[in-house]
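# Descriptive structure summary
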Amino acid sequence: MKQKLFFLAIFSIFLSTNLIAQNYIGHRIDNYSGIHGVMYNPANVFDSRMRADINLVSAGVSFGNDYAGISSSSLNANDDGFDFEEDADLNPTNSNNFYSNVDVMGPSFMFNLNPKSSMGLITRVRGIYNLHNANGELFQRIADDFDSEEDFTFDLNNLNGTLHAYAEVGLVYGRVLMDKESHFLKGGVTLKYLAGGGGAFFNSSNLTGQYSSTNANVTVNGNVNYGQTTDEEDFDFTDTSSGFGADFGVVYEWRPDNANLGNRGLNKYKLKLGLSVTDLGSINYDESTIGNYSATNAVITEAEFNEKGIDEILRDNFDGQETVETAQISLPTAMHIAADYHLKNKFYLNLQTSLSLVSPESQQASRIANIATLSPRFESKWFSAYMPLSMRQYDGFAWGFGLRAGPLTLGSSTILTNLISESSKGADVYVGLKVPIYQRSR
């Protein structure tokens, strides 16, 4: 049973609940978000509303898909509990997609160096899972133990999945680039040391098959590449591989009102624009096991699906070989574009988009799901509240709520959608505890 669960994890959305998309949506655009805003644009480390910001611990988890939707009412609809096959709104296609992302920030801080520059240090542990172009009907059959009296065929084109866990320590530096009263520009960079915990990857350019209910087996043709960076069942950071990464960003502010230019405790812009590229880099894993397999009319029985792991199924039924070599897994490189408009008093409107610079077809590479978010917010020194409305790749529209109250941050960009939607295909939540030290307002 344990081996079967590992096989299902290659296809399953619920892998995300066992791991550690994007996180801190809504909060990260707050001018008082401190080190959390620096994660998405290192230029935010300078000219912050914070003299210093010390993160104690914070975490965010998100996942989504275009295969299954769930309503909150169905979770307790039956006395026997929630039944995925019966209660979920399933949408199996030839190219379903799944993603999950967990981001745990450990002790981190930022502070001002001098009037023209600031720096910070960020520690994180991250887990990212992507699966693209999976056959939803095949997943249904496997999850249901092939409990069907009907024959069916399946086609997997450009199937591609990557699972990766790693830690990072980032040194941040930001400074003013231009200060001409009404026009202000700052830039920043984060240089990261990466410690790889491990990864697995699975891809196939063409894999077809036919299930026979009479013979209780699947006949498969095509090719499969499968690799693991470690033979261990769990990721292990004690014997790590390493790599290097980087983030770059700039922020421009239009400041038509010159009244508070010398006061770092107050926002001075009418319009703020940000551009950043994050997670450039990769990790090399020596002595990874990589298998290249092909099959011509290979017959796999139901019992094998139930009892064996994917690596054992491939070795027993496909032609090919395994090699021990260096495997490189790329980070989820992304571009972030943001516009923040000061409406009036303490009210703001933010538009932000995050776009993956990694193709869904890129092998041995993590990626974020693309997202565009419009977020109105109320913002003050000790309290902020935001209500993000997002269009998310794969899982569609999301509506959420978050708040910051002094040292505590809590929110979700999907919570309201999850409560009212009859078919919610994504979810996220984040929470954080920090020690904020604010700039003085003169």
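Residues numbered from 1 in each chain as written. Predicted model: local features only at pLDDT ≥ 70, side-chain atom pairs only at ≥ 80, totals over all residues. Heavy atoms only, no water.

You'll find the protein chain entered in an unreviewed UniProt entry as DUF5723 family protein, with Leeuwenhoekiella parthenopeia given as the organism.

## Some details on the overall build of the protein chain
Going by this rule: In this description a helix means any DSSP run of H or I spanning at least four residues, a strand means any run of E spanning at least two, and both kinds are numbered starting from the N terminus. Classification of residues uses two cut-offs on accessible area relative to the type maximum, computed with a 1.4 Å probe and protein chains only: under 20% is buried, over 50% is exposed, and between them is partly exposed. In these tables, accessible area is a Shrake-Rupley quantity obtained with a 1.4 Å probe, and a residue counts as shielded only by the protein chains included in the view.
In terms of helices and strands, the protein chain carries 7 helices and 21 strands. Taking all 442 residues of the protein chain together, the buried fraction comes to 52%. Carbon and sulfur atoms make up 56% of the accessible area of the protein chain, which totals about 18,700 Å².

## Examining helix H6 (residues 310-317)
What counts, and what does not: As used here, the arc belongs to the directions running from the helix axis to the C-beta atoms.
When we look at burial in H6, the residues that qualify are Ile310, Ile313, Leu314 and Asn317. Within H6, the buried residues cover an arc of 95° as seen down the axis, which keeps them to one side.

## Digging into the confidence of the model for the protein chain
Where we set the bar: A residue's pLDDT is the confidence the predictor assigns to it, expressed on a 0 to 100 scale. Two residues qualify as a contact provided that any one of their heavy atoms is within 4.5 Å of a heavy atom in the partner residue.
Residues of the protein chain with pLDDT of at least 70 account for 89%, and the chain-wide mean is 87. With pLDDT under 50 throughout, residues 1-20 is counted as low confidence; its partners more than four residues away or in other chains account for 56 contacts.

## Some thoughts on unusual backbone geometry
Its identity is not glycine, yet Asn158 carries a phi of approximately 60°, on the positive side. By the element assignment, Asn158 lies in strand S7 (residues 152-180). At Tyr394, a position not held by glycine, the phi torsion is positive, near 80°.

## Brief notes about the nonpolar core
For clarity, the cut-off: What we call a nonpolar core is a set of buried Ala, Val, Leu, Ile, Met, Phe, Trp, Tyr and Cys residues that are connected through their side-chain atoms within 4.5 Å.
Core analysis: the biggest nonpolar cluster contains 31 residues, and Phe146, Phe154, Val218, Val220, Phe305, Leu314 and Phe318 have the highest contact counts within it. The set of elements that each furnish at least two residues to this core consists of strand S6 (117-134), helix H4 (136-143), S7, strand S8 (183-212), strand S9 (217-228), strand S11 (271-301) and H6. In contact with Phe154, other than residues within four places in its own chain, are Asn135, Leu138, Leu207, Thr208, Gly209, Gln210, Val218 and Val220.

## Structural notes on the pairing of S8
The condition is simple: Should DSSP find at least two bridges between two strands, the strands are taken to pair.
Here S8 lies mainly inside the structure; 21 of its 30 residues are buried. The pairing of S7 with S8 spans 27 bridges and is classified as antiparallel. When the bridges of S8 are listed, Leu171 appears paired with Leu191. Connecting S7 to the next strand, S8, in antiparallel fashion are 2 residues, including Glu181 with a positive phi near 60°. Bridge count for S8 against strand S10 (residues 241-254) is 14 bridges, and the pairing is antiparallel. Across the sheet, Tyr193 pairs through a bridge with Phe244, a residue of S10. The pairing of S8 with S9 spans 10 bridges and is antiparallel. The residue of S9 that forms the bridge with Thr208 is Asn221. Following S8, the chain reverses through 4 residues before pairing antiparallel with S9; Ala216 in that reversal takes a positive phi of roughly 55°.

## What about H4?
In plain terms, the rule: For this analysis, a polar contact is any N or O atom pair within 3.5 Å, provided that within protein one partner can donate a hydrogen and the other can accept it, and provided that sequence-adjacent residues contribute only side-chain to side-chain pairs.
Of all the positions in H4, only Gly136, Leu138, Phe139, Arg141 and Ile142 are classed as buried. N-cap assignment for H4: the residue whose side-chain oxygen lies 3.1 Å from the backbone N of Glu137 is Asn135.

## Considering the pattern of salt bridges
Put simply, the rule reads: When a carboxyl oxygen of Asp or Glu is within 4 Å of a side-chain nitrogen of Lys or Arg, the pair counts as a salt bridge.
Tallied over the entire structure, the rule returns 20 salt bridges. The partner of Glu168 in a salt bridge is Arg124, with the nearest N and O atoms 3.2 Å apart. One end of the pair, Glu168, is in strand S7; the other, Arg124, is in strand S6, and 44 residues separate them in sequence. For the residue pair Glu168 and Arg124, the accessibility class agrees, reading buried in each case. The partner of Arg377 in a salt bridge is Asp340, with the nearest N and O atoms 2.7 Å apart. Placement of the pair is Arg377 in strand S15 (residues 371-379) and Asp340 in strand S13 (residues 334-344), with a sequence separation of 37 residues. Both residues of the pair, Arg377 and Asp340, count as buried. The structure contains a network of salt bridges with shared partners spanning Asp103, Arg124, Arg126, Glu168, Lys192, Asp247 and Asp279.

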